[in-house]
There are 2 protein chains.
Amino acid sequence: MSEQSDLAQVTRLVGERREAYLGRLADYVRLPSVSAVGGEPVRAAGVQIRDVLRSGGFDARLHETAGQPVVVAHRGGARDRPHVLIYGHYDVQPPGEDELWDSPPFEPAVRGGRMFGRGTADNKGQHLAHVIATELLVELAGELPCPVTFVLDGEEEVGSPHLDQAVRELRAELATADLVIVSDGPTARDDRLDLVYGLRGILAFELTATGADRDLHSGHYGEIPPNPLWTLVHLLASMKDEAGNITIDGFGELATPLPEREQAAIAALEPDPAQLLASIGAPRLAPAPVAGVARRQMARPTLTINGLHGGYGGPRNKTVLPHQALAKCDIRLVDGQDADTAWELVQAHVRRHAPDVTATWHGAMHPARTPMDTPYAAAVAGGIRGATGQEPVHRPTMGGSLPMWVFTRTLGLPALVLPLGNVDQANHAPNENLALDRFYQGIAVSASILLALARS
Amino acid sequence: MSEQSDLAQVTRLVGERREAYLGRLADYVRLPSVSAVGGEPVRAAGVQIRDVLRSGGFDARLHETAGQPVVVAHRGGARDRPHVLIYGHYDVQPPGEDELWDSPPFEPAVRGGRMFGRGTADNKGQHLAHVIATELLVELAGELPCPVTFVLDGEEEVGSPHLDQAVRELRAELATADLVIVSDGPTARDDRLDLVYGLRGILAFELTATGADRDLHSGHYGEIPPNPLWTLVHLLASMKDEAGNITIDGFGELATPLPEREQAAIAALEPDPAQLLASIGAPRLAPAPVAGVARRQMARPTLTINGLHGGYGGPRNKTVLPHQALAKCDIRLVDGQDADTAWELVQAHVRRHAPDVTATWHGAMHPARTPMDTPYAAAVAGGIRGATGQEPVHRPTMGGSLPMWVFTRTLGLPALVLPLGNVDQANHAPNENLALDRFYQGIAVSASILLALARS
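Computed from a predicted structure; not experimentally measured. As a convention, each chain's residues are numbered from 1 in the sequence order in which they are written. For naming, the first written chain is A and the first written ligand is 1, with later ones following in the order written. Totals for whole chains, interfaces and linings use every residue, but because this is a predicted model, local features are given only for residues with pLDDT of at least 70 and side-chain atom pairs only at 80 or more, for both listing and counting. Side-chain measures were taken over the full set of non-hydrogen atoms in the model, leaving aside hydrogen atoms and water.

Attention now goes to the overall build of chain A. Numbering of helices and strands runs from the N terminus, with a helix taken as a DSSP run of H or I at least four residues long and a strand as a DSSP run of E at least two residues long. A tally of helices and strands in chain A yields 15 helices and 19 strands. It is over C-alpha atoms that the radius of gyration is taken, and the globule rule equals 2.2 Å times the number of residues to the power 0.38. In summary, chain A has a C-alpha radius of gyration of 24 Å against a globular reference of 23 Å for 456 residues, a match within 12%. Projected onto the principal axes, the alpha-carbon positions of chain A cover approximately 85 × 50 × 45 Å. Out of the 456 residues belonging to chain A, those deemed buried represent 60%. Within chain A, contacts between residues separated by at least 24 positions form 81% of all contacts whose residues are at least 6 apart in sequence. In the structure as shown, chain A presents an accessible area of about 16500 Å², 50% of it carried by carbon and sulfur atoms. Only four residue types enter the charge count, namely Lys and Arg as positive and Asp and Glu as negative; His and the chain termini do not. A charged residue contributes its charge at one atom only: NZ of Lys, CZ of Arg, CG of Asp or CD of Glu. With 40 positive and 55 negative side-chain charges, chain A shows a separation of 2 Å between the mean positions of the two kinds. Note on classification: 1.4 Å probe, protein chains only; a residue is buried when its accessible area is under 20% of the maximum for its type, exposed when over 50%, partly exposed between these limits. Contact criterion: two residues are considered in contact whenever any of their non-hydrogen atoms come within 4.5 Å of each other. The Shrake-Rupley method, run with a 1.4 Å probe sphere, supplies the accessible areas, and residue values consider only the shown protein chains as cover.

Okay, structure coming up:
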């Protein structure tokens with residue numbers, strides 16, 4: 001059977017089985033696998049998807065970690081074809097306040113062509129589309145067009161703290177993979193899929209400062225003990241200048257410039273700044289050491305203060321000298337920047353500039369990047385074209401962070417991110433949803449990619 | 001009758017009438033004259049003290065303002081003697097949370113030699129001591145030893161917004177005063193009274209910054225719109241450097257150095273830094289451009305961040321780019337620094353360094369200082385010695401702020417602050433109290449000062 005007729009069959013079967021697939025997604029979303037809470041409900045989702053994979057002919061098991069288990073599932077396919085590793089996660093974000101949801105977060109509901117529920121798009125629906133694609137391909141051809149391994153994380157939403165260790169333990173069976181595909185997040189636009197070659201890393205930390213052991217009168221004690229807010233203001237100002245340069249001692253030397261091809265691709269993705277600013281209701285761009293919004297988002301490290309709190313915040317004024325303050329920050333890391341090294345530099349900078357301040361590590365991921373000329377990219381893009389009729393938007397990197405580095409760094413594999421969710425999937429927010437046409441399209445896209453890779 | 005025998009008589013009568021005076025203080029404290037709330041309960045306290053003054057032979061009335069009335073009361077005395085203006089305030093701070101009080105804030109209760117209740121020490125008990133002193137002196141001599149005017153503010157706790165206007169309207173009858181005495185605040189130590197010649201001014205303001213119109217993902221939007229926390233950090237860092245110098249454009253040029261005598265007096269008041277730090281539980285002194293804690297507290301302007309808030313402040317981390325932030329600040333002003341000029345400089349600095357930031361004025365007082373060689377200081381100190389047997393501690397200025405500038409600046413009068421409250425009076429806090437021996441001593445001190453001034 002030709003690749004094209006296989007794909008037509010897949011599309012036909014998906015059309016016929018929409019209700020059944022919807023029901024399977026609903027069953028999966030119903031499990032409240034909130035990793036921030038942990039415990040049995042998370043594991044139950046791992047067990048469910050393991051059993052689904054077993055039913056689909058996969059050799060599937062739970063690989064135990066110090067946290068939630070990793071679901072590992074292999075199924076061979078046509079020999080000597082590329083071995084595809086598909087990464088996803090069966091854990092979900094906390095639902096947040098119930099009253100902000102139009103329907104209960106763990107009672108999946110279909111309205112206006114979307115399924116609403118926590119985990120629909122992030123990430124159950126996305127990896128379930130890949131799983132269903134493998135079932136259909138086996139049904140049509142008796143075997144997969146290429147060997148497929150699923151690695152499904154149970155702790156992605158808490159920073160995948162045990163994934164790297166698990167992948168190291170599984171190295172023997174995962175290192176034979178040729179390529180990693182991660183479907184997560186929304187697409188950047190409605191009309192095209194994205195094919196993303198890299199992600200920024202992240203280092204999240206908190207700075208806490210103390211002065212006296214209680215709040216004091218600013219008239220009697222102003223500038224006698226250290227004011228923890230001034231301590232943090234001066235420390236932070238020493239970490240990034242007004243022009244937007246990160247000035248953490250030694251930090252600037254880490255980043256390596258992107259290759260020409262990636263730089264050109266980024267330049268081609270430059271959005272209209274006025275339109276971008278209007279979309280987020282901002283008056284102007286932040287000061288930055290480089291021109292180009294796309295370069296800032298994809299090729300530059302950023303240091304963001306996520307929160308800063310200390311002292312009085314109520315109406316009017318209170319002439320108090322506060323006794324403690326905290327700043328929460330994240331640094332997005334780019335090529336050449338190692339999260340561990342960045343953390344050492346942050347700690348050393350704090351020790352040097354504000355020795356009384358405590359720096360607390362809140363999690364990190366290394367950056368990851370796969371060269372755009374990776375041998376499998378053309379086949380994957382061809383698969384996407386085959387199922388959607390359109391070339392994907394090739395993005396050298398994304399501003400956000402995912403644990404893709406575990407595959408690129410620990411296993412040395414090329415990895416591609418292919419978000420299948422709709423633009424407005426509202427992940428991490430109330431009323432998370434997956435557009436059903438995206439879900440069904442995702443099944444076809446996944447099948448088409450496996451077929452294209454097999455032919456490559 | 002000699003001054004000394006008059007004073008002995010005063011002391012005897014106070015001793016005999018303790019219960020009655022206690023009852024009068026309780027009646028006055030019972031009125032919940034919270035100016036932050038306003039309305040009739042505040043005015044009622046003004047009416048009560050006006051009537052008390054009338055009973056004591058004063059020509060007393062309410063002078064209306066756009067806010068609470070000012071109580072003005074005159075009584076002549078021995079001719080050609082110094083005319084003493086006594087300033088106080090009949091309004092009180094909000095009580096705060098009832099459950100933090102050991103007895104209800106407006107049901108005065110005596111325990112362990114103190115009266116507890118909002119306003120006992122700040123400021124009802126302190127000016128009532130002066131009022132009772134005048135009654136006793138008239139009782140003993142038929143007239144006051146010198147003319148006395150009371151000016152009692154109903155809005156001191158909200159920054160005396162209408163006092164200057166009222167004093168301007170009353171200029172004809174107040175400008176004949178020779179000297180202003182303000183009894184407010186606790187003493188600095190248990191064993192001696194303070195005689196204070198000046199107060200720092202204050203300018204309180206808020207800085208608010210906005211970026212996008214909602215919180216955004218720090219990975220996708222970090223450093224695309226302005227981060228209001230970075231805006232405030234860089235703005236604040238431009239207003240004070242790490243060495244503690246205030247660097248608001250033009251600000252440094254305003255202050256004028258204190259005369260030699262004042263500088264020497266400040267140097268003589270230098271506390272033991274280790275003891276001071278231990279008393280407030282602070283690890284070290286804040287960086288400052290001058291040596292000497294006493295100089296920092298009395299002779300230097302300070303810029304304190306009272307509060308800074310924006311973005312996420314909960315447990316662990318949230319990789320958010322916040323959309324708004326605020327900083328509340330106060331500047332304590334010293335000799336030569338005008339609060340209006342300081343406010344213009346702050347606004348101009350903000351416009352120049354962070355044009356998107358809004359600066360909001362929250363109140364101001366000018367600094368005030370009376371030269372230590374003012375002609376009446378020796379007599380006042382002599383009066384204090386006469387009643388207490390001890391020389392007061394002569395303090396050129398205090399770190400805090402009071403509306404004394406209205407008298408020194410608008411009327412051009414010398415003014416002295418003579419706190420009568422105990423060290424631990426807990427003003428502005430729960431369980432505010434006045435030690436009864438301080439109250440009774442305050443009556444004697446006030447009488448003694450009037451007698452000493454009459455003789456000077």
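Residues and elements named next belong to chain A. Considered domain by domain, chain A is made up of domain 1 (3-199 + 367-455) and domain 2 (201-255 + 301-365). Throughout, the edges of the domains are those of an automatic or database domain assignment. For domain 1 versus domain 2, the separation of C-alpha centres amounts to 37 Å. Listed as interface residues are eleven residues of domain 1 and, on the opposing side, nine residues of domain 2. Here the quantity called buried area is the accessible surface, traced with a 1.4 Å probe, that two parts lose on coming together, added over both. A buried area of about 810 Å², summed over both sides, lies between domain 1 and domain 2, and 50% of it is on carbon and sulfur atoms. Each reported salt bridge corresponds to a side-chain nitrogen of Lys or Arg within 4 Å of a carboxyl oxygen of Asp or Glu. In this assembly, domain 1 and domain 2 are joined by two salt bridges. Side-chain classes follow a simple rule in which Ala, Val, Leu, Ile, Met, Phe, Trp, Tyr, Cys and Pro form the nonpolar group, Asp, Glu, Lys and Arg form the charged group, and the remainder, Gly included, forms the polar group. Of the residues that constitute the side of domain 1 that touches domain 2, the class distribution is five nonpolar, four polar and two charged.

Taken in spatial order, the eight strands line up as β15(A)-β10(A)-β14(A)-β12(A)-β12(B)-β14(B)-β10(B)-β15(B) in an open sheet, and their pairing is antiparallel. The open sheet has two edge strands with one neighbour each: β15 (358-365) of chain A together with β15 (358-365) of chain B. Shown here is a sheet whose adjacent strand axes are inclined to one another by a mean of 20°, direction ignored. As judged from the seven bridges shared by strand β10 (residues 201-210) of chain A and β15 of chain A, these two strands associate in the antiparallel manner. Bridging across to β15 of chain A, Glu 206 of chain A finds its partner in Thr 360 of chain A. Comment: axis = line fitted to C-alpha atoms, over the contacting stretch for helices; angle = value between 0 and 180 degrees taken between N-to-C directions. Sitting on the sheet, helix α12 (residues 339-353) of chain A touches β10, β14 (324-333) and β15 of chain A, and the angle it makes with β10 of chain A is about 20°. Two strands make a pair as long as DSSP finds a minimum of two bridges between them.

With that settled, the discussion passes to the sheet that holds strand β5 (residues 114-116) of chain A. Residues and elements named next belong to chain A. The strand order across the open sheet built from three strands is β4-β5-β19, with neighbouring strands paired in antiparallel fashion. Every interior strand has two partners, whereas the edge strands, β4 (109-111) and β19 (433-435), have only one. In this sheet, adjacent strand axes meet at a mean angle of 25° when their direction is disregarded. In terms of strand pairing, β4 meets β5 through three bridges, oriented antiparallel. In the sheet register, Ala 109 faces β5, and the bridge partner there is Phe 116. The sheet contacts of helix α4 (residues 120-141) involve β5 and β19, and relative to β19 the element is tilted by about 45°.

The next point concerns the pairing of strand β6 (residues 148-153) of chain B. All names here are of chain B. Within β6, six of the six residues are buried, leaving the element largely enclosed by the surrounding structure. Here β6 shows no split at all, with Val 148, Phe 150 and Leu 152 on one side and Thr 149, Val 151 and Asp 153 on the other all buried. In this sheet, β6 lies alongside strand β2 (residues 70-75) in antiparallel orientation, the contact comprising five bridges. Its bridge partner being in β6, Ala 73 is matched across the sheet by Phe 150.

So, about the environment of Arg 284 of chain B. Looking at where Arg 284 of chain B falls in the secondary structure, it is placed in the loop between α10 (273-280) and α11 (293-299). For the pair formed by Arg 284 of chain B and Leu 199 of chain B, sequence separation is 85 residues and the distance between their alpha carbons is 26 Å. Once residues lying within four places of it in the same chain are set aside, the contact partners of Arg 284 of chain B are Ile 224, Pro 225, Pro 226 and Asp 356 of chain A together with Leu 277 of chain B. Separated by 2.5 Å, the side chains of Arg 284 of chain B and Asp 356 of chain A make a polar contact. Between N or O atoms, a polar contact is any pair within 3.5 Å; within protein, one atom must be a potential hydrogen donor and the other a potential acceptor, and residues adjacent in sequence are included only when both atoms are from side chains.

With that settled, the discussion passes to the packing of aromatic side chains. Residues and elements named next belong to chain B. Each Phe, Tyr or Trp ring (for Trp, its six-membered ring) is paired with any other whose centre lies within 6.5 Å, and the angle between the two planes then decides the class: stacked below 30 degrees, edge-to-face above 60, tilted in between. As enumerated under the stated definition, the model contains eight aromatic pairs over all chains in all. Between Tyr 87 and Phe 407, the ring centres sit 5.4 Å apart and the planes meet at 55°, which makes this aromatic pair tilted. One end of the pair, Tyr 87, is in strand β3 (residues 84-89); the other, Phe 407, is in helix α14 (residues 405-410), and 320 residues separate them in sequence. For the pair Tyr 87 and Phe 407, a shared accessibility class is recorded, and that class is buried.

Residues and elements named next belong to chain B. Two numbers describe how helix α2 (residues 18-29) lies on helix α4 (residues 120-141): the axes approach to 10 Å, and their chain directions differ by 135°. As the angle between them shows, α2 and α4 are arranged oblique. The two elements α2 and α4 cross, and the hand of that crossing is right-handed. Counting all contacts with α2, which are made through Tyr 21, Arg 24, Leu 25, Tyr 28 and Val 29, the residues of α4 involved are Thr 120, Lys 124, Gly 125, His 127, Leu 128, Ile 132, Glu 135 and Leu 136. Here the residues of the contact of α2 with α4 are counted per class, giving seven nonpolar, three polar and three charged. Orientation is classified from the angle alone, with under 35 degrees giving roughly parallel, over 145 giving roughly antiparallel, 65 to 115 giving roughly perpendicular, and any other angle giving oblique. A clockwise turn of the near helix away from the far one marks a right-handed crossing, whereas an anticlockwise turn of less than a right angle marks a left-handed crossing.

With 72 residues of chain A at the contact, the number on the chain B side is 72 residues. For the pair chain A and chain B, the two sides together bury roughly 6200 Å², of which 56% comes from carbon and sulfur. Summed over the three residues of chain A that lose the most area to chain B, namely Glu 223, Ile 224 and Trp 230 of chain A, the buried surface amounts to 13% of that side. For Arg 284 of chain B, the salt bridge identified is with Asp 356 of chain A, shortest N-O distance 2.5 Å. When residues in the side of chain A that touches chain B are grouped by element, the largest group, ten residues, is from strand β12 (residues 302-311) of chain A. Split into classes, the residues belonging to the side of chain A that touches chain B amount to 30 nonpolar, 26 polar and 16 charged.

Bringing the relation of the copies chain A and chain B into the picture now. Overlaying chain A with chain B gives an RMSD of 0.0 Å, the required rotation being 180° about an axis along which the chain moves by 0.0 Å. The relationship between the two copies is best expressed as a two-fold rotation axis. Identified as the residue of chain A closest to the rotation axis by C-alpha distance is His 309 of chain A, at 2.3 Å. Residues reaching a pLDDT of at least 70 in both copies supply the C-alpha atoms on which the copies are superposed by least squares.

Here we take up the pattern of salt bridges. Residue and element names in this part refer to chain A. Tallied over the entire structure, the rule returns 44 salt bridges over all chains. Note that Glu 173 is salt-bridged to Arg 61, the shortest N-O span being 2.7 Å. Placement of Glu 173 in helix α6 (residues 171-174) and of Arg 61 in strand β1 (residues 59-63) is noted, with a sequence separation of 112 residues between them. Given a relative accessible area of 25%, Glu 173 falls into the partly exposed group. On the accessibility criterion, Arg 61 (28% relative accessible area) is partly exposed.

Bringing helix α8 (residues 228-237) of chain A into the picture now. Most of α8 of chain A sits inside the fold, with nine of its ten residues counted as buried. For α8 of chain A, the complete set of buried residues consists of Pro 228, Leu 229, Trp 230, Thr 231, Leu 232, Val 233, His 234, Leu 235 and Leu 236 of chain A. In this structure, the buried side of α8 of chain A is in contact with β10, β12, β14 and α12 of chain A together with α8 (228-237) and β12 (302-311) of chain B. Here α8 of chain A starts with a cap whose side-chain oxygen sits 2.9 Å from the backbone nitrogen of Leu 229 of chain A, and that cap is Asn 227 of chain A.

Taken as a class, soluble globular proteins show a tendency for nonpolar side chains to be buried jointly. Core analysis: the biggest nonpolar cluster contains 65 residues, and Leu 53, Phe 150, Val 380 and Phe 439 of chain A have the highest contact counts within it. When residues in this core are grouped by element, the largest group, ten residues, is from helix α15 (residues 436-455) of chain A. If sequence neighbours within four positions are ignored, Leu 53 of chain A has contacts with Phe 58, Ala 60, Val 71, Ala 73, Val 131, Phe 150 and Leu 152 of chain A. We call a set of buried residues a nonpolar core when its members are Ala, Val, Leu, Ile, Met, Phe, Trp, Tyr or Cys and they connect through side-chain atoms within 4.5 Å of each other. Counting 64 residues, the second-largest nonpolar core is a separate cluster that includes Leu 25, Phe 58, Ala 60 and Tyr 376 of chain B.

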